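Topology and contacts: notes
Here is how the chains run, residue by residue.
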Amino acid sequence: MLARLTIYRLKMFARDKHALFWMFAFPLLFVFIFCGILGRSQELKLNVALISEESGPIVEQLVEGLEVSEMFKFREDLGLEEAKRQVEEGKVDAVLLIPQGFSASLFSGKANLTVYYDETRTQNAQIVSSVFQQIGLEISKRTLGLERFPLEMDLKGIARKESLENASYSAFFIPGALTMALMATGLFGVGGGIPRERDRALLRKLATTPLLKIHYGLAFIFQSAILALLQAVIII
């Protein structure tokens, strides 16, 4: 009897288009507007720590080419360990390390470059690597007479520390949207279900059946729990 009553309430809820909109469509629309549009950062530049262990004309040209790019904000005042720590804390997006002997290794065709990045944002390392290789290829053709840029990128991910400072906009907003959706469950569940059944005289009819009062209340609880689970899955 309890299972049948719960299924009945879910079917009745599915027929209510207004309830479906306010409990499922509206929270999703809310999240899309505030997280997908308003929550996007207007700053498109990546904060990159540039660490050069070598100086020379080739390295200087590469660094100048990177600094001219509008995609990056470079910091050259950090040591390697400090830069890696700031990647963990979310203050720096990536670390570009130019090792000692880099210029000489270009002619031998075995040049290596290391990029440390936040492992949750692999695209940052790919962007840095791609731009560096493009700039390097142009410089190789212009100054070194090479038809290719003999460089291998060593990408090393760094685990980002979990903290409120590193949390994204959606990490704060989605729990609030989910709470709002759960409150709507109470409005269209027990809060609206009992008055509607009273107005339709269903409560009197149910009182003449073998249905237990506790089963009547539990059916509302199970309905709300199932709907709340669906809301959580859809929104998150």
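Quick note: structure is the one above.
Attention in this report is confined to the structure presented alongside it. (Residues numbered from 1 in each chain as written. Predicted model: local features only at pLDDT ≥ 70, side-chain atom pairs only at ≥ 80, totals over all residues. Heavy atoms only, no water.)

Observations concerning empty space enclosed by the protein
Here is the rule: Think of a 1 Å grid over just the protein atoms. A cavity is a set of points where a 1.4 Å probe fits yet cannot get out, a pocket is an open set with protein on both sides within 12 Å along at least five of seven lines, and lining residues have an atom within 4 Å of a point. Grid points are joined across faces, edges and corners, and a volume is the space filled by probe spheres set on the points. Amino acids are sorted into nonpolar (Ala, Val, Leu, Ile, Met, Phe, Trp, Tyr, Cys and Pro), charged (Asp, Glu, Lys and Arg) and polar (every other residue, Gly among them).
On inspection of all chains with the given rule, the structure shows 1 cavity of 30 Å³ or more. Roughly 40 Å³ of internal volume is contained in the largest cavity. Considering the residues around the largest cavity, the lining is formed by Val-87, Gly-90, Val-92, Asp-93, Asp-118, Arg-121, Asn-124 and Arg-160. Here the lining of the largest cavity is built from residues that sort into 2 nonpolar, 2 polar and 4 charged.

Quick notes on the nonpolar core
Keep this limit in mind: The set of buried Ala, Val, Leu, Ile, Met, Phe, Trp, Tyr and Cys residues whose side-chain atoms join them within 4.5 Å is what this entry labels a nonpolar core. The rule is simple: take the accessible area with a 1.4 Å probe, protein chains only, and divide by the maximum for that residue type; under 20% is buried, over 50% is exposed, in between is partly exposed. Secondary structure is summarised from DSSP: a helix means a run of H or I of at least four residues, a strand means a run of E of at least two, and numbering begins at the N terminus for each. Should any heavy atoms of two residues lie within 4.5 Å, those residues are considered in contact.
With 21 residues, the main nonpolar core has Leu-96, Ile-98, Phe-102, Val-128 and Phe-132 as its most contacted residues. Considering every element that reaches this core, the biggest residue donor is helix H3 (residues 57-68), with 5 residues. Beyond its immediate chain neighbours, meaning those up to four positions away, Leu-96 contacts Val-48, Ala-49, Leu-50, Ile-51, Leu-66, Leu-113, Thr-114, Val-115, Val-128 and Phe-132. Counting residues in hydrophobic clusters, the runner-up holds 10 residues, among them Ala-83, Val-92, Val-95 and Ile-158.

As for the pairing of strand S1 (residues 46-52)
Applied cut-off: Note on pairing: two strands pair once DSSP finds at least 2 bridges between them.
Within S1, 5 of the 7 residues are buried, leaving the element largely enclosed by the surrounding structure. Sheet analysis places S1 next to strand S2 (residues 72-75), joined by 4 bridges and oriented parallel. The residue bridging Leu-46 from the neighbouring strand is Phe-72, located in S2.

Quick word on the side chain of Thr-6
Note on placement: Thr-6 falls in helix H1 (residues 2-14). Residue Thr-6 is classed as buried on the basis of its relative accessible area, which comes to 7%. Apart from residues lying up to four places away in sequence, Thr-6 is in contact with Ala-219, Phe-222, Gln-223 and Ile-226.

Here's the deal with the packing of aromatic side chains
For any pair of aromatic rings, the description rests on two quantities: the centre-to-centre distance and the angle between the ring planes. Basically, it comes down to this: Here is the rule: rings of Phe, Tyr and Trp (six-membered ring for Trp) pair when centre to centre is within 6.5 Å. Planes less than 30 degrees apart are stacked, more than 60 are edge-to-face, and the remainder are tilted.
Applying the stated criterion to the full structure yields 1 aromatic pair. Summarising the aromatic geometry, the rings of Phe-21 and Phe-26 are spaced 6.3 Å apart at their centres and angled 50° between planes, so their arrangement reads as tilted. We classify Phe-21 as partly exposed; its relative accessible area is 37%.

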